[in-house]
Amino acid sequence: MRQGGIVFQLAVRSIRLNLLRSLLAALGIVIGVIAIAAMGMMGANMTLTVKDQMSEMGNVLVVTHDAGTSGGGSSGGAGGMGGGPPGMSSGSSEDDEDDNFISESQFKAIRNAVGSNGTVYTVHSLSDEFSSGTRDGRATVFGLDPDVIPEVLALSDGSYPRGDSGALVGAALAERFNLTLGSRLSLGDEDEGTHTVRVVGIVEERGMSFDLSTDMAVILPDESYTSFYGDEKEYDQVNVVLEDVDSADATSTSITEKLNARKTQVRVSDASRMLETITSTIGTMTTFVMAIAGISLLVAAVSIFNVMMMSVTERVREIGIMRSLGTQRPEILKMFLYESAILGFTGSLIGAACSFGIGYLVVVSLLGSADHFFEFQSLVYLPAAMLVGTAICILSGLYPSWRAANLDPIEALRAE
Amino acid sequence: MASTPIIELEEVTRIYPLASGDVVALDHVTLSIAEGEFVAIMGPSGSGKSTLLNQIGCLDVPTSGWLRIAGKEVGMLSDHDLTDLRLRTLGYIFQRFNLVPLLTAYENVEFPYLMMHRRNDTTGRVGQLLASFGIDEALAAHRPAELSGGQQQRVAIARALVNDPPILICDEPTGNLDTKTGTQIMETLADLNRRGRTIVIVTHDPTVATYADRTITIRDGRAS
C-alpha cells in the first residue's frame, strides 16, 4: 500500500463507516447529473433531427421576387422562419399582388446563371378552398412542370399525373381528408367556379421543407394550374436543385449578380440560414433548461459540502493524531478531497448510467424517435454531465478539506 | 552515557492569549536533556507540563526563547519542516493510545513509515516490530477497537519506533492501563532507553518516575 494508497483507503473507509449519509449525499449528485444529461441529450437530439431534415434541402435554392426594399443580398433577406419564401406558409401567396412574381425572362436569366450546375424549375402556388365529397378544406395548390414533378417529388402511392385532370396530394392532406387514389377534388368555391381534379398519386411525406411544403398541398401540372388560375409565365418562385451541395454559395452569388446588378429583383434563400436560426433557437432553449437542471446539482453540492463538514468535525482527533505523527498538511487535504471526489464520481457514474435510460425515454417521448440518440453529439452529454458532477463535488469538498488540513495539531488532539 | 544535549530549552516562554487575559503556561524555562537520557516530567494539573511536552514534541513553538531539538532551531521552522522533524526525530506515545480507528493495527504502525519512505515496507520491519511487542500477524489485522488497552499501547509503541526516531515522547503512557500492564509498558520503555533512545515521559505516577534517570518538576510554568 503506497502512501497515497493508505490516504485513499482512509477516505474509502470513512465513506463506508457513514454509508447511509454518504449515499444520500451522492443521491443528490445522481439526480443532478441525470437532469442535466437528459436535458442536454434532448437538445442535441432535437438539433440533430432538425439538421437531418434540413440537410436534405442543402442543395436547394429558392428564388423569389424581391421588391427591392431590403437591399437584396444573396441570401441576406431570407430572414429565417418568419420571412421565408411563399412555399413555407400556405396563406402567404393568396393575396397575389400583380408584380409579386418572377417573370419568364427572369426565370430564363436564373436558368442561365445556374447553367449546368443543377435543375431549375418554376413553381406556381396559392392557397385555395377545395371540397371532396362532403368535406371542405383549404390547401396550398402548387403548379409544377409535369416533366419536373417526378424529379422533385417521390410518391408513396399511385402514379404521376398525365393529361390535365390528374393531381397529386400530400400525405398529410390525404390522411386528414380521407383522400385515396381516384378521389375527386373540387378546387375553388362555387361563386367563382370550380375545377375538378382526380387524385392519381399520393406524395411521400417530406416533413419540414422550405422549397415545397407538399404534405398539406395539392400539386397540379402547370397546364392544369394555369388553365384554372391563369398567371401563365408569372411564377411565384423558382427552385434550383443543385447537383452538388458545395456549389450552393457560388450559384446563389451568380444568380444575384446577374439579376440584382442594377436593381434588386430577386431574393435567393438557402436552407442554411433557416437551419442556423432553428439550431440557435434550440440551443438557447437547451441552455435554459440545462441551467434549471443545474440548480439541482447546486443543491447537491450544498449537501456534499455539509457531509464533508460533518466528516471533518467527526475526525478532528484523527487528524490531530496523524498530524502529530508527522503527516503533512497536503496529505490531510488529499484525504478529504478523495472522500468528496469518491462521492462525486460514484454519484456521477450512477447518474450517467441512469441518464442513459432516462435520456432515451425523454428523447423518444418528446421527439418520437431515437434515431440520433446513439450519436456522439447526444451521448457526449453523459461524460460531460459526469465531469460536471464530479467537479462540483470536489469543489464542495475544497473548503472542508482545507479546514481539516489547517487544524492546529494540539487543539485537534484534545478533541473528544 | 552520552552527554551531547539532544533537547535544549533556553528561556522558553509560552503565552496563550485569551480574552480574559494572557495565560503564561511556561515561564522562562531553561533545561537540557542529553542524548540517551530517560527524563520524567512531573507536576500537578495545570502546571504547564503538557505545554512543555508539546514544545519538546514540536507540536507547538515558543512565544519567546530558544528551543533546539536534535540541533534544529524549532522556532525558525515552517509548518512543513516542523512536521518533518516530528516524522523523523520524534516518536509519540499517548495516554489514550491514539491509534487511527479506521486503520488496522498493522496499518497504524505502517502509517508513519509510508509518510516517511513514500513506499511500501518491503523489509518486514513493521511485522517484526509488532511481533517483538507480542502482536502477531492475526492480531495485527484487527482494528484498534478490537484490541485490549495493553495491546493498543504496544501497537502505539511499535508505531512510535517504526521510523527509528532518536527521541520518544510519552504522555502518561500508563495512565489508561492496569498496574500489571503498566509495569510491562514501563519495562519496555526502560529497555528501549538502555538501547540508546532518549525518553521524555510526563507522568503523575511516582512509580513511573522511578524508571527515569532524572525528574524535572514543573510548577506554575517554572521548571526545577
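Every value quoted in this text rests on a predicted model; they were computed, and no experiment measured them.

Caption draft 1: Region of the structure containing the overall build of chain B. Each helix and strand in chain B was counted, giving eight helices and 10 strands. For chain B, whose C-alpha radius of gyration is 17 Å, the value lies close to the compact-globule estimate of 17 Å for 224 residues. By principal-axis analysis of the C-alpha atoms, chain B measures approximately 50 × 40 × 40 Å. Taking all 224 residues of chain B together, the buried fraction comes to 48%.

Caption draft 2: Here's a closer look at the overall build of chain A. The number of helices and strands found in chain A is 13 helices and 12 strands. Its C-alpha atoms give chain A a radius of gyration of 33 Å, more than 25% over the compact-globule value 22 Å for 416 residues. Structurally, chain A occupies a C-alpha span of about 100 × 50 × 35 Å along its principal axes. Of all 416 residues assigned to chain A, the portion counted as buried reaches 46%. Sequence-distant contacts in chain A: of pairs separated by 6 or more residues, those separated by 24 or more amount to 85%.

Caption draft 3: Expanded view of the environment of Met39 of chain A. Residues and elements named next belong to chain A. The topology assignment puts Met39 in helix H2 (residues 19-55). Separated by 247 residues in the primary sequence, Met39 and Thr286 have C-alpha atoms spaced 6.8 Å apart. When sequence neighbours within four positions are dropped, the list of residues in contact with Met39 reads Thr286, Val289, Met290 and Ala293.

Caption draft 4: Structural view of helix H9 (residues 316-324) of chain A. Taken across its nine residues, H9 of chain A has seven buried, putting it largely inside the fold. When H9 of chain A is considered as a whole, its buried residues turn out to be Glu318, Ile319, Gly320, Ile321, Met322, Arg323 and Ser324 of chain A. Close packing links the buried residues of H9 of chain A with helix H10 (329-367), helix H12 (381-405) and helix H13 (409-414) of chain A together with helix H2 (79-89) and strand S6 (90-93) of chain B. Within two residues after H9 of chain A, Gly326 of chain A carries a phi angle of roughly 105 degrees, on the positive side.

Caption draft 5: Spotlight on the interface of chain A and chain B. Chain A puts 19 residues into the contact, and the matching count from chain B is 22 residues. Elements with a contribution of two residues or more to the side of chain A that touches chain B: helix H1 (3-17), H9 and H13 of chain A. For the side of chain A that touches chain B, the per-class residue count stands at nine nonpolar, six polar and four charged.

Caption draft 6: Focus on the sheet that holds strand S8 (residues 198-202) of chain B. Residues and elements named next belong to chain B. One open sheet holds the six strands; their spatial order is S6-S7-S8-S3-S9-S10, and the pairing between them is mixed. Only two strands of the sheet have a single partner each, and these edge strands are S6 and strand S10 (222-223). Sheet analysis places strand S9 (residues 214-219) next to S10, joined by two bridges and oriented antiparallel. In the strand pairing of S10, Arg219 is matched with Arg222. Here helix H6 (residues 149-161) sits on the sheet in contact with S6 and strand S7 (167-171), set at roughly 170 degrees to S6.

Caption draft 7: Representation of the nonpolar core within the structure. Residue and element names in this part refer to chain A. Counting 123 residues, the largest nonpolar core has Ile36 and Ala37 as the members making the most contacts within it. In terms of residue count, the dominant contributor to this core is H2 (15 residues). Beyond its immediate chain neighbours, meaning those up to four positions away, Ile36 contacts Met290, Ala293, Gly294, Leu297, Ala385 and Val388. By size, the runner-up hydrophobic cluster in this structure holds 54 residues, among which are Met57, Val141, Leu212 and Val218.

Caption draft 8: The arrangement of unusual backbone geometry in detail. With a phi angle near 55 degrees, Glu11 of chain B is a residue other than glycine that sits in the positive phi range. By the element assignment, Glu11 of chain B lies in strand S1 (residues 5-16).

Caption draft 9: Expanded view of the domain arrangement of chain A. Partitioning chain A into structural domains gives domain 1 (3-53 + 277-414) and domain 2 (67-264). Using only C-alpha atoms to locate each centre, domain 1 of chain A and domain 2 of chain A end up separated by 54 Å.

Caption draft 10: Looking closely at the packing of H2 of chain A against H12 of chain A. Residues and elements named next belong to chain A. H12 packs onto H2 with a crossing angle of 145 degrees between their chain directions and a minimal axis gap of 9 Å. In this structure, the crossing between H2 and H12 has a hand that is right-handed. Each of Ile29, Gly32, Val33, Ile36, Ala37, Gly40, Met41 and Ala44 in H2 lies in contact with H12, whose residues at this interface are Tyr381, Leu382, Ala384, Ala385, Met386, Val388, Gly389 and Cys393. Its residues assigned to classes, the contact of H2 with H12 comprises 13 nonpolar, three polar and no charged.

Caption draft 11: Highlighting the pairing of S7 of chain B. Residues and elements named next belong to chain B. Along S7, five of the five residues are buried, which leaves the element largely enclosed by surrounding structure. Because side chains alternate across S7, one face comprises the buried residues Ile167, Ile169 and Asp171, and the other comprises Leu168 and Cys170, equally buried. In terms of strand pairing, S7 meets S8 through five bridges, oriented parallel. Residue Asp171 lies in a different strand from S8, and its bridge partner there is Val202. As for the winding sense of the linkage, the β-α-β connection from S7 through helix H7 (residues 179-194) to S8 is right-handed.

Caption draft 12: Main features of the environment of Leu367 of chain A. Mapping Leu367 of chain A onto the fold places it in helix H10. Dropping the residues within four chain positions of it, Leu367 of chain A is found in contact with Asn45, Met46 and Thr49 of chain A.

Caption draft 13: Layout of helix H4 (residues 125-132) of chain B. Residues and elements named next belong to chain B. Those residues of H4 lying buried are Val126, Leu129 and Leu130. Across the axial projection of H4, the buried residues extend over an arc of 95 degrees, all falling on one side. Check the buried side of H4 and you find it contacts helix H3 (105-117), helix H5 (137-140) and H6. Gly134 lies just past H4 and shows a positive phi near 75 degrees.

Thresholds applied
- Residues numbered from 1 in each chain as written.
- Chains lettered and ligands numbered in written order.
- Predicted model: local features only at pLDDT ≥ 70, side-chain atom pairs only at ≥ 80, totals over all residues.
- Helix = DSSP H or I, 4+ residues; strand = E, 2+ residues; numbered from the N terminus.
- Rg over C-alpha atoms; globule rule 2.2 N^0.38 Å.
- Buried ≥ 20, exposed ≤ 12 C-beta atoms within 10 Å, placed from the backbone.
- Contact = placed C-beta atoms within 7 Å.
- Nonpolar A, V, L, I, M, F, W, Y, C, P; charged D, E, K, R; others polar.
- Pairing = 2+ DSSP bridges.
- Axes fitted to C-alpha atoms, helices over the stretch in contact; angles between N-to-C directions.
- Core = buried A, V, L, I, M, F, W, Y, C linked by C-beta atoms within 7 Å.
- Domains from an automatic or database assignment.
- Left-handed = near helix turned anticlockwise from the far one by under 90°.
- Right-handed = clockwise from strand over helix to strand, strands pointing away.
- Arc of directions from axis to C-beta.

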